[in-house]
Amino acid sequence: MLAGEPRGCWRAVFEPAILHLYVEFAPSNKADWMSIDDFLARVPRDELHKQALERLMERIARAFSSS
């Protein structure tokens, strides 16, 4: 989970069988997903979206610095 609140959460999802990585906002009723490219290029729509973007960038930076 990248960021969450009672109405739903942002999370990064990796599907290893098809090597697909995407980000989704998953409320209790339905998931709304977008590609990593779209997620990184989009202006955050609210504070939760901004928090999710910051956490994803932290994870990406950590992955590059540990290799």
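What you are looking at is a predicted structure, and each value in this text was computed from that prediction instead of being measured.

**Student:** Let's hear about a nonpolar patch on the surface: which residues, and what values?
**Tutor:** A grouping of Phe14, Leu19 and Leu21 is seen on the molecular surface, where their side chains present a nonpolar patch of about 330 Å² in accessible area. Its place among the elements puts Phe14 in strand 2 (residues 8–15).

**Student:** Account for the side chain of Glu24, with residues named and values stated.
**Tutor:** The residue Glu24 is located in strand 3 (residues 20–26) in this model. Among the residues examined, Glu24 registers a relative accessible area of 6% and is labelled buried. Engagement of the side chain of Glu24 in a polar contact is seen with the side chain of Arg11, the distance being 2.4 Å. The contacts of Glu24, once residues within four sequence positions are left out, are Cys9, Trp10, Arg11, Val13, Ala31, Asp32 and Trp33.

**Student:** Describe unusual backbone geometry, with residues and values.
**Tutor:** Phi is positive for Leu19, close to 50°, though the residue is something other than glycine. In this fold, Leu19 is placed in the loop between strand 2 and strand 3. Taking the relative accessible area as the measure of exposure, Leu19 reaches 67% and is therefore exposed.

**Student:** Please set out the pairing of strand 3 residue by residue, giving values where relevant.
**Tutor:** Extensive coverage of strand 3 is indicated by the burial of five of its seven residues. Pairing between strand 2 and strand 3: seven bridges, direction antiparallel. Looking at strand 3, one finds that Val13 is bridged to Tyr22. Where strand 3 lies against strand 4 (residues 32–35), four bridges are found, and the strand directions are antiparallel.

**Student:** How would you sum up the nonpolar core? Please name residues and give values.
**Tutor:** Counting residues in hydrophobic clusters, the biggest one holds 12 residues: Leu2, Ala3, Trp10, Val23, Phe25, Met34, Ile36, Phe39, Leu48, Ala52, Leu53 and Leu56. Taken together, the elements giving at least two residues each to this core come down to strand 3, helix 1 (36–41) and helix 2 (47–65). In terms of residue count, helix 2 provides more of this core than any other element does, four residues in total.

Cut-offs and rules
- Residues numbered from 1 in each chain as written.
- Predicted model: local features only at pLDDT ≥ 70, side-chain atom pairs only at ≥ 80, totals over all residues.
- Heavy atoms only, no water.
- Patch = residues over 30% accessible without salt bridge, like charges linked within 9 Å, V, L, I, M, F, W, Y side chains within 5 Å.
- Areas by Shrake-Rupley, 256 points an atom, 1.4 Å probe, with all protein chains shown as cover.
- Salt bridge = Lys/Arg side-chain N within 4 Å of Asp/Glu carboxyl O.
- Helix = DSSP H or I, 4+ residues; strand = E, 2+ residues; numbered from the N terminus.
- Buried < 20%, exposed > 50% of the residue type's maximum accessible area, 1.4 Å probe, protein only.
- Polar contact = N/O pair within 3.5 Å; in protein donor to acceptor, adjacent residues only side chain to side chain.
- Contact = heavy atoms within 4.5 Å.
- Pairing = 2+ DSSP bridges.
- Core = buried A, V, L, I, M, F, W, Y, C linked by side-chain atoms within 4.5 Å.

Coordinates in, geometry out; function isn't part of it.
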